[in-house]
Amino acid sequence: MIAIGSDHGGFALKEEIKKYLDEHKIPYEDFGTYSTDSVDYPLIAEKTCAAITSGKCDKGILCCGTGIGISMAANKIKGIRAALCSDYFSAKYTRLHNDANVICMGGRTIGPGLALELVDVFLNTPFEGGRHARRVEQLMKLEEK
Ligand code: RB5
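Residues numbered from 1 in each chain as written. Predicted model: local features only at pLDDT ≥ 70, side-chain atom pairs only at ≥ 80, totals over all residues. Heavy atoms only, no water.

(A) Up close: the sheet that holds strand S2 (residues 28–30). Sheet architecture is open: five strands sit in the order S2-S1-S3-S5-S4, paired in parallel fashion. The strands lining the two open edges of the sheet, one partner per strand, are S2 and strand S4 (82–84). The mean inter-strand angle of the sheet, taken between neighbouring strand axes irrespective of direction, is 20°. Examined bridge by bridge, S4 and strand S5 (residues 102–106) share three bridges and lie parallel to one another. Note on S5: the bridge partner recorded for alanine 82 is valine 102. The strands touched by helix H5 (residues 112–124) within the sheet are strand S1 (2–6), strand S3 (59–64) and S5, with S5 carrying the most contacts at an inclination of about 175°. (Pairing = 2+ DSSP bridges. Helix = DSSP H or I, 4+ residues; strand = E, 2+ residues; numbered from the N terminus. Axes fitted to C-alpha atoms, helices over the stretch in contact; angles between N-to-C directions. Contact = heavy atoms within 4.5 Å.)

Printed below as a string of structure tokens:
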């Protein structure tokens with residue numbers, strides 16, 4: 001199950017991504033926002049990421065205008081490894097090397113064509129483990145400081 005959310009700046013992109021998920025029969029839950037009315041991205045990140053840290057969803061997709069604010073918010077939540085991506089290589093390697101569980105994108109910075117490629121590779125690339133598992137463990141220990 002995928003958790004998806006956006007603020008108003010990422011709303012249009014979120015709707016495009018939902019069409020992709022529907023077409024590929026990938027189950028998801030939409031944590032808002034549900035219109036282009038202005039909303040605060042930290043609250044959307046909190047709701048969406050709670051579904052991941054509770055174990056209800058395996059991965060998340062978050063969008064705001066730039067993808068920056070919502071990725072900053074997501075990375076403040078214990079257990080979340082959110083990657084702001086605007087290129088294919090990063091979306092692939094953040095799964096292989098960082099075991100990212102959330103991809104963030106900017107609705108005002110990238111188009112839907114690229115965003116869907118990023119979502120596709122993000123959802124279909126496994127974590128490589130090995131030496132990267134040690135680094136991810138070290139990364140998660142930083143949450144205790
Ligand atoms: C909202 O106007 C905008 O600030 C937000 O979507 C995002 O880009 C913040 O980082």
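(B) Region of interest: the pairing of S5. With five of its five residues buried, S5 lies for the most part within the structure. Going residue by residue along S5, you find Val102, Cys104 and Gly106 tucked away on one face and Ile103 and Met105 tucked away on the opposite face as well. Note that S3 and S5 share five bridges and pair parallel. Within S5, the residue paired with cysteine 63 across the bridge is methionine 105. (Buried < 20%, exposed > 50% of the residue type's maximum accessible area, 1.4 Å probe, protein only.)

Keep in mind that these numbers describe shape and distance, not what the molecule does.
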